[in-house]
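A closer look at the structure
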There are 2 protein chains.
Amino acid sequence: MKSNITMKDIADKLGVSSVTVSKALNDKEGVSDTLKLKIKKVAGEMGYRFNSAAKSIKDGLSYNIGVMIPQRFTGLRESFYLQVYQQIAIQLDHYGYFGILNILSSEDEEQLNFPRVYSENKVDGIIILGQVSKKYIETVQNMELPKLFLDFYDEHAAIDSIVTDNFYGAYEITNYLIQCGHRDIAFVGNIYSTSSIQDRFLGYYKSLLEHGMALNERLLLNDRDEHGAYIDIELPEQMPTAFVCNCDQVAYIFGERLNNMGYRVPDDCSIVGFDNDVYATLANPPLTTVEVDIEQMARSAVKAIMDKVSNPHRRIGRMLVQGKIIYRNSVKTLHTEPAE
Amino acid sequence: MKSNITMKDIADKLGVSSVTVSKALNDKEGVSDTLKLKIKKVAGEMGYRFNSAAKSIKDGLSYNIGVMIPQRFTGLRESFYLQVYQQIAIQLDHYGYFGILNILSSEDEEQLNFPRVYSENKVDGIIILGQVSKKYIETVQNMELPKLFLDFYDEHAAIDSIVTDNFYGAYEITNYLIQCGHRDIAFVGNIYSTSSIQDRFLGYYKSLLEHGMALNERLLLNDRDEHGAYIDIELPEQMPTAFVCNCDQVAYIFGERLNNMGYRVPDDCSIVGFDNDVYATLANPPLTTVEVDIEQMARSAVKAIMDKVSNPHRRIGRMLVQGKIIYRNSVKTLHTEPAE
DNA sequence: CTGAAAGCGCTTACAG
DNA sequence: CTGAAAGCGCTTACAG
């Protein structure tokens, strides 16, 4: 198995030099077309396979990108980041690159250990997929390697990141509810919990502001405690006509709860979610929601990291990827809003 | 960025040779402990990072394993194989290896193209995760590389594979229903659809046989057409007391249907699933099911492929990974079966 | 158009 | 205990 065919073998067989074989196989100048063709033919016949390690050592490039996901986002029921990773792998392929997955264990995160992909020079760049601790962000900063934060950002660190436009997505879907005639719209979510939820809330709030609608305590429904564990959602005395839930899973749970309480969705009240994950289609009725564009996020992330590999000084800043509204049946049109 | 520190740099700084540095950093014999320590210290200070490409070229080993997943198993709502891949990556880490994900596009599968990880010598072995076409199996066979089929097997090909023990899992969970006093147990699934479903059916059938229970047409409920699309499940005239569903998703759908028809689970009839995926916990009541042991599958797969990397002639044949029953609330105990 | 020489960073004998 | 030499497979100048 270790008896791999090398360029030298092809060269010997043809009585040429390995330099010529290299040029021919790489379609470089300096070989006659006849010879080039012959070399390629023989290479195919001999089952020649390119040794990328040899090229790597010459170029100082591994042609791999590391994707690091913190362990705590990798539960058996969570697959969002794996989906993103998959799309990244597909996009990397277009550049002749490969993706190496690196689950960041909680110990390594605490002890601020460099990932093995870095200390073994296995990758030309690294995408950190999912929020890591402040301390670990510093560790990442110390890595001499192009790096990119995906799906989160750091307020202080001048680092490149790509995130979903939570703010705009929530803004848009709230606008949609208002267009459908809703005037009493609540937000469901703990706005102190994560920055995504906070941003989604602010998008919702902007929509309210723009339409001259007041926000008050009554319209803020908490969905989880400080540990992120879901709690029973308390309804206000007077029912709003619509609810902007911070994510599909919460919308799903909330919908079930409304059902049990005798409210019908969307007849008695409308619900929208965010993410467009399994819960959006599992809900009854299926949810109108904001789809996070995983493919686009991966595409942008890969483009950004490849840019940085070829030009390490390249800065991209904080980049937003827009989602899009998926219309389903969880929203009732009360009356159509006249054009403003 | 390309100005990486090499062993030579450390050697020069210390006035020794790079051979000595190599020995020291690799904890090999032939360097005094004092020097060894000093070298390690300086290496740390200089931020030395090992160049694995150089080692690769010497050893003829990439220290990567490719994991190939056919595109059609990578839908937005399917994450099972990604979960397996993730576990594989974690297991590979224990061996100092990395996992490279390779989504096999439908075109490549049809045109019988070798994966790029292979033609570029990027991996020391490859795990094919998920059923590929007969033709493509042949293509895989032609790859001169340790390879392993995961979660499917080929009847003809003398190839190494690791699969969940569908047969035994279904056998066990059917036994459990019988222990709970059920005597009229149906199987829900198209037994001509996939080999997993067929094997699960046969496990169910074995349990019936062992308990002297007859199988007849009435107890076989089809759940999908020849294209794999779900169809409405037709209930027999006389209701069985329990249903062995071929997977959790079908159990979930079937449960909803029973609910709508006025049957209560588990009071009116019991249901069990298979897989222990999201649907198992989403179902109401949550499903008793057979958990597919993803971690164990990954562990076995990685061990097998690593064995084959060090010894290419190693054969492991067809290896089964046992699942385990997860007890929840979808089964009613009719009366306890006395010990046989 | 073709090839000899040197080098990428490391390791493996082998010599001292 | 330490190091000079050779080599892994390829590519990049450079010479002919």
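Residues numbered from 1 in each chain as written. Chains lettered and ligands numbered in written order. Predicted model: local features only at pLDDT ≥ 70, side-chain atom pairs only at ≥ 80, totals over all residues. Heavy atoms only, no water.

1. Section: the overall build of chain A
Per the secondary structure count, chain A includes 13 helices and 12 strands. Residues counted as buried form 51% of the 340 residues belonging to chain A. For chain A, the proportion of contacts with a sequence separation of at least 24, taken over those separated by at least 6, is 65%. Accessible area of chain A: about 15900 Å², with a carbon and sulfur share of 49%. (Helix = DSSP H or I, 4+ residues; strand = E, 2+ residues; numbered from the N terminus. Buried < 20%, exposed > 50% of the residue type's maximum accessible area, 1.4 Å probe, protein only. Contact = heavy atoms within 4.5 Å. Areas by Shrake-Rupley, 256 points an atom, 1.4 Å probe, with all protein chains shown as cover.)

2. Examining the relation of the copies chain A and chain B
Its rotation angle being 180°, the transformation that places chain A on chain B also includes 0.0 Å of axial translation and leaves an RMSD of 0.1 Å. Put plainly, the chains are arranged around a two-fold axis. A symmetric contact is evident, with 100% of the interface residues of chain A recurring at the interface of chain B. (Least-squares fit on C-alpha atoms with pLDDT ≥ 70 in both.)

3. Focus on the UniProt feature "domain: HTH lacI-type" (unreviewed entry) in chain A
Feature annotation in UniProt assigns "domain: HTH lacI-type" (unreviewed entry) to the following positions: residues 5-59 of chain A. As annotated, residues 5-59 of chain A has a helix share of 67% and a strand share of 0%, and its two end C-alpha atoms lie 22 Å apart. (UniProt positions renumbered as here; feature names shortened; annotations may be inferred.)

4. Examining the protein's contact with DNA strand C
Looking at DNA strand C, there are 23 residues lining it, with A:Thr20, A:Lys23, A:Gly30, B:Ser22 and B:Tyr48 nearest. A breakdown of the atoms of DNA strand C within 4 Å of the protein gives sugar and phosphate a share of 64%. In this structure, A:Ser17 approaches DNA strand C through a main-chain N or O atom, which is 3.1 Å from a phosphate oxygen. Here A:Lys23 contributes a side-chain N or O atom positioned 2.6 Å from a base oxygen of DNA strand C. Of all the secondary-structure elements, those providing two or more residues to the surface near DNA strand C are helix H2 (18-25) and helix H4 (52-59) of chain A together with helix H2 (18-25) and helix H4 (52-59) of chain B. (Near = heavy atom within 4 Å. Polar contact = N/O pair within 3.5 Å; in protein donor to acceptor, adjacent residues only side chain to side chain.)

5. What about the pattern of salt bridges?
All names here are of chain A. In this structure the tally under the stated criterion is 38 salt bridges over all chains. A salt bridge links lysine 55 to aspartate 59; its shortest N-O distance comes to 3.1 Å. Here aspartate 59 and lysine 55 lie together in helix H4, a separation of 4 residues that amounts to about one turn. Of the charged contacts in the structure, one is a salt bridge between arginine 200 and aspartate 275, with a shortest N-O distance of 3.4 Å. Here the residue arginine 200 occupies a position in helix H10 (residues 195-210), and aspartate 275 occupies one in the loop between strand E9 (270-272) and helix H12 (278-282), the gap between them amounting to 75 residues. For arginine 200, a relative accessible area of 9% corresponds to the buried category. Through salt bridges with shared partners, a single network forms among Asp27, Lys36 and Lys40. (Salt bridge = Lys/Arg side-chain N within 4 Å of Asp/Glu carboxyl O.)

6. Concerning the protein's contact with DNA strand D
In the vicinity of DNA strand D lie 23 residues, with A:Met7, A:Ser22, A:Tyr48, B:Lys23 and B:Gly30 positioned nearest. For DNA strand D, the fraction of atoms within 4 Å of the protein that belong to sugar or phosphate moieties is 62%. Residue A:Ser22 places a side-chain N or O atom 2.4 Å away from a phosphate oxygen belonging to DNA strand D. One of the backbone N or O atoms of B:Ser17 is found 3.2 Å from a phosphate oxygen in DNA strand D. Of all the elements in the fold, those that place two or more residues in the surface near DNA strand D are H2 and H4 of chain A together with H2 and H4 of chain B. Class assignment for the residues of the surface near DNA strand D results in 11 nonpolar, 8 polar and 4 charged. (Nonpolar A, V, L, I, M, F, W, Y, C, P; charged D, E, K, R; others polar.)

7. Digging into the interface of chain A and chain B
Chain A puts 56 residues into the contact, and the matching count from chain B is 56 residues. Along the contact surface separating chain A from chain B lie 2 salt bridges. Between B:Asp93 and A:Arg116 there is a salt bridge whose closest N-O contact spans 2.9 Å. Summed over the shared surface of chain A and chain B, the number is 25 residue pairs in polar contact (both at pLDDT 80 or more). Ranked by the residues each element gives to the side of chain A that touches chain B, the list is headed by helix H5 (residues 80-94) of chain A, at 7 residues. By residue class, the composition of the side of chain A that touches chain B is 27 nonpolar, 18 polar and 11 charged.

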